[in-house]
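# Structure at a glance
Each chain is listed here by its residues.
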Amino acid sequence: MAAKAEKMVFVWEGTDKKGSKIKGELEGPNEAIIKADLRRQGINPLKVRKKPKPLLGGQKKITSKDIAIFSRQLATMMSAGVPLVQAFEIVGRGHENPAMQDLLLKIKADIEGGTNLAESLAKHPNYFDSLFVNLVRAGEQAGALETLLDKIATYKEKTEAIKAKIKKALMYPSAVLVVAFVVTTILLLFVVPQFQELFKGFGADLPAFTQFIVNLSEWLQAYWYIMFGGLGIAVFGIIQANKRSAEFRRRRDIFALKIPIIGDLLRKSAIARFARTLSTMFAAGVPLVEAMDSVAGATGNALYQEATLRMRDDTASGTQLQASMRSTNLFPNMVVQMVAIGEESGSLEDMLSKVADFYEEEVDNMVDGLSSLLEPMIMAILGVLVGGLVIGMYLPIFKMGSVI
């Protein structure tokens, strides 16, 4: 059996039936098939060439921030009356990230081929999740795509803002602790041995604290490869378990919620995302049970994801949302009461939006407070580690000076 021809991306230029010049990209095994495919579409191909591969390191990864920015750009252009295909052309050609540019131009080509926007986005699940696709589909079906795109853009911007705030709260102390570990290791490997040579000429027993540091330095010099190897294996194992094991992620999220201060921050973030996502889905007219699937994945925490799926099953069997939320014991009484008022008054979307606003502000305030609290704590840790090593090395010198 002949091997299947590898498909490649070709860049083409040609003219349509009106003689207007157009260009685009197509996948195929060779130039001849690309030209034949273009002619079948009524396009006269003028140039067809293989698309050059980007230089090593030149292809940036598509981030969730890229998707959020694209959502706002598309919503702005649609509200300004720019046709969908032209909007994709403008946003795609003008994007700085080549990977994002390729993605948008592929979606544009699908739309030009007759595929609707929701189906075109669904072909790229790594970048457009079920929530994004469902909201776009609801907008297309209701004839209110411009309005829904604006809501999607607002939703993406707010969720990205929450993620950025949490990263800000956790990144600074993590970076400082890594630096503290590196500095301590350098001192133990290279500085302490110099003092050790000096202490050998004293002819007296070293203070207990100094002897402990010397023993720790000797162990690290002898077994540094075991420590760094074990640390590398542990980090690799955690990363792989995080990618492959749902149970590991579940236990990680449960543990994270129990950490003082940090756990409260993560809990409020999950509630904010739950409320914001459900409010956005309601605004799009998506039924509650159907919306819950997308909401579960957007909470960012396995415990809240499981609770949301249980709530979906409860509401599908006729239970009120507020009663189901109360049974999970994960939502504060204020949130449950707001949802109850929303259900009774028929304004659930507005109530959920107010809950989201409140908890997003709470997360913002907690991040600012956490940064102020952690800074002196981190300085104290650095002082104990580095200062302790310095004092330990100078104790024998102080002792000898007092004897003299």
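Further up the page is the structure itself.
A few points on the structure. All values derive from a computational prediction rather than experimental measurement.

## Focus on the overall build of the protein chain
For the protein chain, the count of helices and strands is 15 helices and 3 strands. Rg of the C-alpha trace for the protein chain: 30 Å, well past the compact-globule value of 22 Å for 404 residues, more than 25% over. Its C-alpha atoms give the protein chain principal-axis dimensions of roughly 100 × 60 × 45 Å. Total accessible area computed for the protein chain in this model is approximately 22,800 Å², and 60% of it derives from carbon and sulfur atoms.

## What to know about the pattern of salt bridges
By the definition in use, this model includes 15 salt bridges. Residue Asp-37 is joined to Arg-40 by a salt bridge in which the shortest nitrogen-to-oxygen separation is 3.6 Å. With Asp-37 and Arg-40 both in helix H1 (residues 31–40) and 3 residues apart, the pair spans about one turn of that helix. Classification of Arg-40 by relative accessible area gives exposed; the value is 63%. Taking the shortest distance from any N to any O, the salt bridge between Arg-312 and Asp-293 comes out at 2.5 Å. Of the two residues, Arg-312 sits in helix H12 (residues 302–316) while Asp-293 sits in helix H11 (residues 288–298), which places them 19 residues apart along the sequence.

## Some words on the sheet that holds strand E2 (residues 21–28)
Here we have 3 strands laid out as an open sheet, ordered E2-E1-E3, and antiparallel in their pairing. Of all the strands in the sheet, just E2 and strand E3 (44–50) have a single pairing partner and so form its edges. Averaged over all adjacent pairs, the angle separating strand axes in this sheet is 25°, with direction ignored. Alignment of strand E1 (residues 8–15) against E2, held across 8 bridges, turns out to be antiparallel. Across the sheet, Met-8 pairs through a bridge with Gly-28, a residue of E2. Running over the sheet, H1 touches E1, E2 and E3 and is turned about 150° from E3.

## What to know about the side chain of Lys-268
Turning to its location among the elements, Lys-268 is positioned in helix H10 (residues 262–283). Those residues in contact with Lys-268 that sit more than four places away from it in its chain are Tyr-359, Glu-362, Val-363 and Met-366.

## Some words on the side chain of Thr-210
Along the chain, Thr-210 turns up in helix H8 (residues 208–244). Setting aside anything within four residues of it in sequence, one finds Thr-210 in contact with Phe-199, Gly-392, Met-393, Leu-395 and Pro-396.

## Some thoughts on the packing of aromatic side chains
Scanning all chains against the criterion turns up 10 aromatic pairs. With centroids separated by 6.0 Å and ring planes inclined at 70°, the aromatic side chains of Phe-70 and Phe-128 adopt a geometry described as edge-to-face. Taken as a pair, Phe-70 in helix H2 (residues 64–79) and Phe-128 in the loop between helix H5 (117–122) and helix H6 (130–142) lie far apart in primary sequence, 58 residues in all. By relative accessible area, Phe-70 is classed as buried at 1%. On the basis of relative accessibility, which here comes to 1%, the residue Phe-128 falls in the buried class.

## Quick look at the nonpolar core
Membership of the largest hydrophobic core comes to 76 residues, with the highest contact counts inside it found for Phe-70, Phe-88, Leu-117, Phe-128, Val-136, Met-325 and Phe-331. For this core, the element with the most residues is helix H15 (residues 348–403), which contributes 12 residues. Aside from chain neighbours lying at most four places away, what touches Phe-128 is Ile-67, Phe-70, Leu-103, Ile-107, Leu-121 and Val-133.

## Points about the packing of H10 against H12
When two helices pack together, you describe them by how their axes are tilted relative to each other and by the distance separating the axes. For the pair H10 and H12, interaxial distance at closest approach is 11 Å and the crossing angle is 35°. At the point where H10 passes H12, the crossing takes the right-handed sense. Contacts from Arg-267, Ala-270, Ile-271 and Phe-274 in H10 reach Tyr-304, Thr-308 and Met-311 in H12. Looking at the contact of H10 with H12 residue by residue, the class counts come to 5 nonpolar, 1 polar and 1 charged.

## Notes on the packing of H6 against H10
H10 packs onto H6 with a crossing angle of 20° between their chain directions and a minimal axis gap of 10 Å. The angle between H6 and H10 places the two elements in the roughly parallel class. Where H6 crosses over H10, the handedness of that crossing is left-handed. Residues Leu-131, Asn-134 and Leu-135 of H6 pack against Thr-277, Thr-280 and Met-281 of H10. Tallied by class, residues from the contact of H6 with H10 come to 3 nonpolar, 3 polar and no charged.

What counts, and at which threshold
Residues numbered from 1 in each chain as written. Predicted model: local features only at pLDDT ≥ 70, side-chain atom pairs only at ≥ 80, totals over all residues. Heavy atoms only, no water. Helix = DSSP H or I, 4+ residues; strand = E, 2+ residues; numbered from the N terminus. Rg over C-alpha atoms; globule rule 2.2 N^0.38 Å. Areas by Shrake-Rupley, 256 points an atom, 1.4 Å probe, with all protein chains shown as cover. Salt bridge = Lys/Arg side-chain N within 4 Å of Asp/Glu carboxyl O. Buried < 20%, exposed > 50% of the residue type's maximum accessible area, 1.4 Å probe, protein only. Pairing = 2+ DSSP bridges. Axes fitted to C-alpha atoms, helices over the stretch in contact; angles between N-to-C directions. Contact = heavy atoms within 4.5 Å. Phe/Tyr/Trp six-rings, centres within 6.5 Å; stacked < 30°, edge-to-face > 60°. Core = buried A, V, L, I, M, F, W, Y, C linked by side-chain atoms within 4.5 Å. Left-handed = near helix turned anticlockwise from the far one by under 90°. Nonpolar A, V, L, I, M, F, W, Y, C, P; charged D, E, K, R; others polar. Parallel < 35°, antiparallel > 145°, perpendicular 65-115°, else oblique.

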